[in-house]
Amino acid sequence: MSISLKQLCNIVNEMAPCHLAEEWDNVGLLVGRTEKEVKVVLCALDFSAEVLEQAKKNHADIVITHHPVIFRGIRRLTDGDWRNALLMDAVRNDIAVYSAHTNLDSAVGGVNDVLAGLLELENVEGLNGSEDSVEGIGRIGLLKEPVAFETFVKNVKRVLKLEHVTAVPAGRPVRKVAVCGGSGMDFLDNAVQAGADTYITGDVKYHEAQEALGKNINLIDGTHQATELPVVNEIADRLALRLSREGHSTKVLVAKETLLLQTV
Ligand SMILES: [Zn+2]
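Note that the structure is a prediction, hence the values are computed from the model and not measured.

Turning next to the sheet that holds strand β9 (residues 166-168). Taken in spatial order, the 6 strands make up an open sheet running β7-β8-β10-β11-β12-β9, and their pairing is mixed. With partners counted over all chains shown, the strands left at the sheet margins are β7 (122-126) and β9, one partner each. Along the sheet, successive strands turn relative to each other by an average axial angle of 20°, direction set aside. In this sheet, strand β8 (residues 139-147) lies alongside β7 in antiparallel orientation, the contact comprising 3 bridges. Bridged to Glu122 within β8 is Leu142. Taken strand by strand, helix α5 (residues 111-118) contacts β7, β8 and β10 (174-183), and its axis lies near 145° from that of β10.

This part takes up the packing of α5 against helix α9 (residues 224-245). Angle between the axes and distance between the axes are the two parameters that describe a pair of packed helices. The geometry of α5 relative to α9 is characterised by a closest axis approach of 8 Å and an angle of 100° between their N-to-C directions. In this view, α5 runs roughly perpendicular relative to α9, as classed from their interaxial angle. When α5 is examined against α9, the residues Val111, Val114, Leu115 and Leu118 are found in contact with a partner set consisting of Thr227, Glu228, Pro230, Val231 and Glu234. The class makeup of the residues in the contact of α5 with α9 is 6 nonpolar, 1 polar and 2 charged.

Moving on to the pairing of β8. Note that β8 and β10 share 5 bridges and pair antiparallel. Counterpart to Ile140 in the pairing with β10 is Ala178.

This brings us to the pattern of salt bridges. Within this structure, the stated rule accounts for 13 salt bridges. Note that Lys36 and Asp94 form a salt bridge whose closest N and O atoms lie 3.3 Å from each other. On the criterion of sequence distance, the pair formed by Lys36 in the loop between β2 (28-31) and β3 (37-38) and Asp94 in the loop between α3 (82-92) and β6 (96-99) is long-range, its members being 58 residues apart. Residue Lys36 is classed as buried on the basis of its relative accessible area, which comes to 6%. Judged by relative accessible area, which is 29%, Asp94 ranks as partly exposed. Glu246 is the partner of Arg242 in a salt bridge, and the nearest nitrogen-oxygen pair spans 2.5 Å. The exposure class of Arg242 is partly exposed, given its relative accessible area of 25%. Judged by relative accessible area, which is 37%, Glu246 ranks as partly exposed. Taken together, the shared-partner salt bridges connect Arg33, Lys36, Asp61 and Asp94 into one network.

The next thing to look at is the packing of aromatic side chains. Counting across every chain of the model gives 1 aromatic pair. Centre to centre, the rings of Trp24 and Phe71 are 6.1 Å apart; their planes meet at 90°, and the pair counts as edge-to-face. Of this pair, Trp24 sits in the loop between α1 (5-15) and β2 while Phe71 sits in the loop between β5 (62-65) and α3, placing them 47 residues apart in sequence. Trp24 gets classed as partly exposed once you look at its relative accessible area, which sits at 48%. Given a relative accessible area of 38%, Phe71 falls into the partly exposed group.

Rules behind the numbers
Each chain has its residues counted from 1, following the order in which its sequence is written. Per-residue local features of the predicted model are confined to residues with pLDDT of at least 70, and side-chain atom pairs are confined, for both listing and counting, to 80 or more; whole-chain, interface and lining totals are unaffected and use all residues. The side-chain values count all of the structure's non-hydrogen atoms but skip hydrogen atoms and water molecules. Two strands qualify as a pair provided DSSP detects at least 2 bridges between them. Put simply, DSSP marks the helices as runs of H or I at least four residues long and the strands as runs of E at least two long, and each gets a number from the N terminus on. The axes are straight lines fitted to the C-alpha atoms, using for helices just the contacting stretch, and the angles between their N-to-C directions are given from 0 to 180°. Contacts between residues were defined by any pair of non-hydrogen atoms, one from each residue, lying within 4.5 Å. These descriptions rest on fixed angle ranges, namely under 35 degrees for roughly parallel, over 145 for roughly antiparallel, 65 to 115 for roughly perpendicular, and the rest for oblique. Residue classes follow a fixed rule: Ala, Val, Leu, Ile, Met, Phe, Trp, Tyr, Cys and Pro count as nonpolar, while Asp, Glu, Lys and Arg count as charged, and any other residue, Gly among them, counts as polar. For this document, the term salt bridge refers to a Lys or Arg side-chain nitrogen within 4 Å of an Asp or Glu carboxyl oxygen. Each residue is assigned to one of three classes by its accessible area relative to the maximum for its type, calculated with a 1.4 Å probe on protein chains only: buried under 20%, partly exposed between the two thresholds, exposed over 50%. Only Phe, Tyr and Trp rings are paired, with Trp represented by its six-membered ring, and only when their centres lie within 6.5 Å; those with planes under 30 degrees apart are stacked, over 60 edge-to-face, the remainder tilted.

Okay, structure coming up:
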């Protein structure tokens, strides 16, 4: 028994509720026919040309991505723009696209919980300072015991599957770690205020690195992509389990995505 697109969207919405998305965001079902039957799901971080190729090759009915396939308003739909050309290709092939973005950052079991889990953080709390809920972008937790910054960096590279990371050592051992997958330098002060000695995020700019050093917090840029990729497997696993438990024969696949920014 397969599942309708509408039913599948409801399940994904339970895993990453759309109401948790930031108000500027664009999440949920962005392309597709709601009554379509779903036999194959492909999970990915981005709706890129390589992901669309894999969707076509595997006869995927829907691609679930983290980054929204439609973000800013579309004023014309032609192949003059590479993103729109991908959208048109998806529609031609009857491939739906669902995106769970900041709602997946915030959700329990989302981007940041997966990161905290990989780093074996304990007593994990939300980074937004809210007492009543762990939900919100970013997490903070404790390592079982303090480790040297160099040791911790090695572990970060291992779990993120990176050969290199960019880091700003502030000269402190690592015990209380804040994480924000993707582009999280806006939350540096939250990490400092929450008492973190180390902050891991992506997309760190030079002057932001200076801020971190000035505020005496170790900073690790694990890259936007590598800090978010781990959640894709997690979502695929949970979705596959849920679908099989409910008696659906729908297959759930994970896309192979190339690291965009490479150290060469
Ligand atoms: Zn992102």
